[in-house]
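Per-entry structural report
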Amino acid sequence: MDATHMGQDIEKVLLTDAQIQERLAELGVEVWEYYRDKDVLLVGVLKGAVMVMADFMRHLPGSVPMDWMAVSSYGSGTKSSGVVRILKDLDTDITDRHVLIVEDVIDSGLTLSWIRSNLESRSPASVEIFSLLRKPEAAKVEIESRWVGFDIPDEFVVGYGLDYDERYRNLRDVVTLAPHVYS
């Protein structure tokens, strides 16, 4: 689904699918070079990172395994609650492995900080972060992300895996929702 199908629900398109794919291709080369000859595991954060993970992996020039975590900190609201619960943990032992967390958006940083700390407690060789989007103005904690696709304004965005109340994930672009949708 593209933005033209969304009618009055969309305020503006921030990133098109073409822009996203071009940036993921660039980052795929960088990440591949960084982890060359290392035992790396991509860890996606469900559900938002599904689209990012799928497309990012297709841009890697070789095979890399993946696993998934599901955590909850949003509920159906538009801001992180800061309270994190694991809904689905990794199936893979990460001891002595290089872990790359693949995330859709770094917002407040609270959830991602918690995930990183949790994974670091499991004795990996390293833990790095790859995020398609980052909202620098929304940060409540500093998160060092080795790879970021795009810095975006502190606005509520949906599309490309990001949702509002489980809707709009299948939108190819990243867009801001019109306030009437969530107010």
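What counts, and at which threshold
- Residues numbered from 1 in each chain as written.
- Predicted model: local features only at pLDDT ≥ 70, side-chain atom pairs only at ≥ 80, totals over all residues.
- Heavy atoms only, no water.
- Salt bridge = Lys/Arg side-chain N within 4 Å of Asp/Glu carboxyl O.
- Helix = DSSP H or I, 4+ residues; strand = E, 2+ residues; numbered from the N terminus.
- Buried < 20%, exposed > 50% of the residue type's maximum accessible area, 1.4 Å probe, protein only.
- Expected span 1.5 Å × (residues − 1).
- Arc of directions from axis to C-beta.
- Contact = heavy atoms within 4.5 Å.
- Phe/Tyr/Trp six-rings, centres within 6.5 Å; stacked < 30°, edge-to-face > 60°.

1. Some points on the pattern of salt bridges
- By the definition in use, this model includes 15 salt bridges.
- Note that Arg-116 is salt-bridged to Glu-120, the shortest N-O span being 3.6 Å. Placement of both Arg-116 and Glu-120 in helix 3 (residues 110-120) is noted, with a separation of four residues, approximately one turn of the helix.
- On the basis of relative accessibility, which here comes to 44%, the residue Glu-120 falls in the partly exposed class.

2. A word on helix 1 (residues 17-34)
- The end-to-end C-alpha distance of helix 1, which contains 18 residues, comes to 25 Å, matching closely the 26 Å that a straight helix rising 1.5 Å per residue would cover.
- Restricting attention to buried positions, one finds in helix 1 the residues Ile-20, Leu-24, Leu-27, Gly-28 and Val-31. All buried residues of helix 1 lie within an arc of 125 degrees about the axis, which places them on one face of the element. Relative to its buried face, helix 1 has exposed residues pointing more than 90 degrees away, namely Ala-18 and Glu-22.

3. Description of helix 3
- Turning to helix 3, its buried residues number three or more, namely Thr-111, Leu-112, Ile-115, Arg-116, Asn-118 and Leu-119. One side of helix 3 holds all its buried residues, which, seen down the axis, span an arc of 165 degrees.
- For helix 3, the elements touching its buried residues are strand 2 (40-46), strand 3 (66-72), strand 4 (85-88), strand 5 (98-106) and strand 6 (126-134).

4. Considering the packing of aromatic side chains
- The final tally for this structure, using the stated rule, is seven aromatic pairs.
- Ring geometry for Phe-156 and Tyr-164: centres 5.9 Å apart, planes at 85 degrees, overall edge-to-face. As far as the burial class goes, Phe-156 and Tyr-164 line up, both buried.
- These aromatic residues form a ring-pair network of at least three members: Tyr-34, Tyr-35 and Trp-147.

Distances and angles like these do not, on their own, reveal function.
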